[in-house]
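# Remarks on the overall topology
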Amino acid sequence: MVLKAFFPTCCASADSGLLVGRWVPEQSSAVVLAVVHFPFIPLQVKELLAQVHQAGRVGLAVLGTWCHRRQGAEESLGHFLEGLGTIFSHEPWLQLCREPGSKLWSCKATRRQVPPRRGAPYEDQVMLVFYDQRKVLLSQLHPPAALPDRQAGDAAHSARGLAAVFDTVARSEALFRSDRFDDGPVRLSHWQSEGVEASILAELAKRASGPACVLLACLLSLVSAASACRLFKLWPLSLVWSKLSVCEQLRHRLEQLTLIFSTQKAENPTQLMRKANVLVSVLLDVALGLALLSWLRGKDRIGPLAEALVPVADHVAEELQHLLQWLMGAPAGLKMNRALDQVLGRFFLYHLHLWISYIHLMSPFIERILWHVGLSACLGLTVALSILSDIIALLTFHIYCFYVYGARLYCLKICGLSSLWRLFRGKKWNVLRQRVDSCSYDLDQLFIGTLLFTILVFLLPTTALYYLVFTLLRLLVVAVQGLMHLLVDLINSLPLYSLGLRLCRPYRLAAGVKFRVLEHEAGRPLRLLMQINPLPYGRVVHTYRLPSYGCHPTHSWGSLCRKLFFGELIYPWRQRGDKQD
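Residues numbered from 1 in each chain as written. Predicted model: local features only at pLDDT ≥ 70, side-chain atom pairs only at ≥ 80, totals over all residues. Heavy atoms only, no water.

Looking at an unreviewed UniProt entry, one finds the protein chain named Phosphatidylinositol N-acetylglucosaminyltransferase subunit Q and attributed to Neomonachus schauinslandi.

It is worth spelling out the pattern of salt bridges at this point. Going through the model one piece at a time under the given rule, you end up with 8 salt bridges. Note that Asp285 is salt-bridged to Arg253, the shortest N-O span being 2.4 Å. Residue Asp285 is located in helix H8 (residues 269-298), and its partner Arg253 is located in helix H7 (residues 245-260); the two are separated by 32 residues in the primary sequence. For the pair formed by Asp285 and Arg253, the shared burial category is buried. In this structure, Glu568 engages Lys563 in a salt bridge whose closest nitrogen and oxygen atoms are separated by 3.4 Å. Lys563 sits in the buried class, given a relative accessible area of 12%. (Salt bridge = Lys/Arg side-chain N within 4 Å of Asp/Glu carboxyl O. Helix = DSSP H or I, 4+ residues; strand = E, 2+ residues; numbered from the N terminus. Buried < 20%, exposed > 50% of the residue type's maximum accessible area, 1.4 Å probe, protein only.)

On to the environment of Leu63, then. Within the secondary structure, Leu63 sits in strand S4 (residues 61-68). According to the relative accessible area criterion, Leu63 is buried, its value standing at 1%. Excluding residues within four positions of it along the chain, Leu63 makes contact with Leu19, Gly21, Arg22, Trp23, Ala30, Val31, Val32, His90, Pro92, Trp93 and Leu94. (Contact = heavy atoms within 4.5 Å.)

With phi around 55°, Ser28 is a residue other than glycine that occupies positive phi space. A relative accessible area of 12% means that Ser28 is categorised as buried. Located in the positive-phi region is Arg57, a residue other than glycine, with phi close to 55°. Looking at the secondary structure, you find Arg57 in the loop between helix H1 (42-56) and S4. Among the residues examined, Arg57 registers a relative accessible area of 61% and is labelled exposed.

Here we take up helix H12 (residues 381-395). With 15 residues, H12 should reach 21 Å at 1.5 Å per residue; the first-to-last C-alpha distance of 21 Å fits that figure. Taking burial as the measure, the 15 residues of H12 include 11 buried ones, the bulk of the element. Here H12 has its buried residues at Leu381, Thr382, Val383, Ala384, Leu385, Ser386, Ile387, Ser389, Asp390, Ile391 and Ile392. Residues of H12 that are buried make contact with H7, H8, helix H11 (366-375) and helix H14 (443-493). (Expected span 1.5 Å × (residues − 1).)

This paragraph deals with the layout of surface pockets. By volume, the second largest pocket amounts to about 1100 Å³. Forming the boundary of the second largest pocket are 41 residues, of which Leu309, Leu388, Ile391, Ile392 and Leu395 lie nearest the centre. Residue assignment for the lining of the second largest pocket shows that the elements contributing at least two residues are H8, helix H9 (302-328), helix H10 (338-362), H11, H12, helix H13 (397-424) and H14. Examining the composition of the lining of the second largest pocket, we find that 11 residues originate from one element, H9, more than from any other. Its residues placed into classes, the lining of the second largest pocket shows 36 nonpolar, 3 polar and 2 charged. Counting the residues that make up the lining of the second largest pocket, at least three belong to each of domain 2 (202-293) and domain 3 (294-494 + 546-566). (1 Å grid on protein atoms, 1.4 Å probe; cavity = no way out; pocket = protein on both sides within 12 Å on 5 of 7 lines; lining within 4 Å. Points joined across faces, edges and corners; volume = space filled by probe spheres on them. Nonpolar A, V, L, I, M, F, W, Y, C, P; charged D, E, K, R; others polar. Domains from an automatic or database assignment.)

Before going further, it helps to spend a moment on the UniProt feature "transmembrane region" (unreviewed entry) in the protein chain. According to UniProt, the "transmembrane region" (unreviewed entry) feature falls on residues 278-296, 343-361, 373-396, 445-469 and 475-499. Secondary structure within residues 278-296 divides into 100% helix and 0% strand; the distance between the first and last C-alpha atoms comes to 27 Å. (UniProt positions renumbered as here; feature names shortened; annotations may be inferred.)

To continue, consider the packing of aromatic side chains. Summed over all chains, the structure comprises 16 aromatic pairs. For the pair Phe7 and Trp66, a centre-to-centre distance of 5.2 Å together with 35° between the ring planes defines the contact as tilted. Of this pair, Phe7 sits in strand S1 (residues 2-8) while Trp66 sits in strand S4, and the two are 59 residues apart along the sequence. Between Phe348 and Phe470 the ring centres are 4.7 Å apart and the planes differ by 65°, which places this aromatic pair in the edge-to-face class. A residue pair is termed long-range when its members are at least 10 positions apart, and Phe348 in helix H10 and Phe470 in helix H14 qualify at 122 residues. A relative accessible area of 2% means that Phe348 is categorised as buried. Through pairs of rings, three or more aromatic residues link up here, namely Phe347, Phe348, Phe402, Tyr405, Tyr466 and Phe470. Above the ring of Tyr537, the side-chain terminus of Arg502 is found at 4.5 Å from the ring centroid. (Phe/Tyr/Trp six-rings, centres within 6.5 Å; stacked < 30°, edge-to-face > 60°. Lys NZ or Arg CZ within 6 Å of the ring centre and 35° of its normal.)

Structure below.
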């Protein structure tokens, strides 16, 4: 039988002593965590293991002995270490030894049980696997990606074995709190033997963060209670609260701050990683917002922007007016219905004049509006972008009205033509059963249907041209707003802390391990070095991506083209449940 002994590289130069660790019978593996040095009292060693078991809920035991022969005079020590197996009973009993002045190792695993054949030695073969204890302790092992069925069983078995090793080291953190400078009754060698890693600034920050988090959590709870007031659920306020992007972003920011300053301790590494990602995302968002604010205030750029906004709006209105006049004539040499063309053109021109009056009425307040938009960047770049998206929606409200009018008129004619086409074929649409059934029509119905079908067919090109032009303008505005929403969603959902860990400390996010052969000679145990495979960047983003309020398209390109063809209103940046005509 082949046993796998995971040995920490930090203990390779330690003095002789006892091997402390965990035995995993399912994997036939022994995970060595530390070396206990002489002198020691067996009862104190057992008490230490009981304390670690109570703290980390992991069963530790003395797995065997470790002999580091620095000089030839220490050969008698090996016989003494072999006798310790009678005090600390464990099956199997490991005996690891490193030869003096060389890199040769000897490993044995003996059992005191009666062997199957009497008189034959009962020793297991040992495969020695070295691992970096610090990296394994700080890393988080992720489940393997989906594999084919023929490889899924082997991958699951190996993943369980690796998970046992990583889990053992992670739960034994209480064992690593002592170093060689402690005056305790038991001296250990592990990855923190030269001194426990600590930072005075980190400890001060931990002690000061407790009261600050409690205070901020109380303030955030008051803000959440105020936002949930019934006053905001009344009809006008509820409509504004649900449709403005800045309101959605402020609600999302409130949830982020509530998670950051929550006094509840993270239950697992995933929740801790999520809180760290949210914190870094908020800090980056605020930093970008302050950079934008400093750029706007640096050379007083808000005044020139406000002065240039009204001429730009007048220029856009002038271009739209030229476009409507072009449509009212003979666009591209097309023969349009004169009466309908004039009615639609004058109708849209009237709305355009109303919009121009609205812009000139708001021109004295534009600079103050831009000033508040720049000031809102203190809350983050995403808040400023959301306000800018809402401003674009208000400034292009006339284009939205043109698109809705044209789409409704076009959709009405398409529905009328499809219904009259079924009339010619002796069919009708059954509303109750949602299907097309046969139907018999008299002569008067067929005559009136023919007249209506002819009228709608000859009026369709004029309506379709207006619908096409205003749909293209609407899609242009939607594309600009979509890019802003995409940038906001990217800042809100990108796991920046996890990506930073993957870039600076790849071992913290482990996708698996790989083994490098150190020694493979006849008569010697096989020695391997376990190295951590970092998680790919794509899986990091997929695993730790933060939830965002951003709405993604719920229909494909085919369904989008179908909606455009039949004149249905589209909202590519909104969810289907939020769509209103």
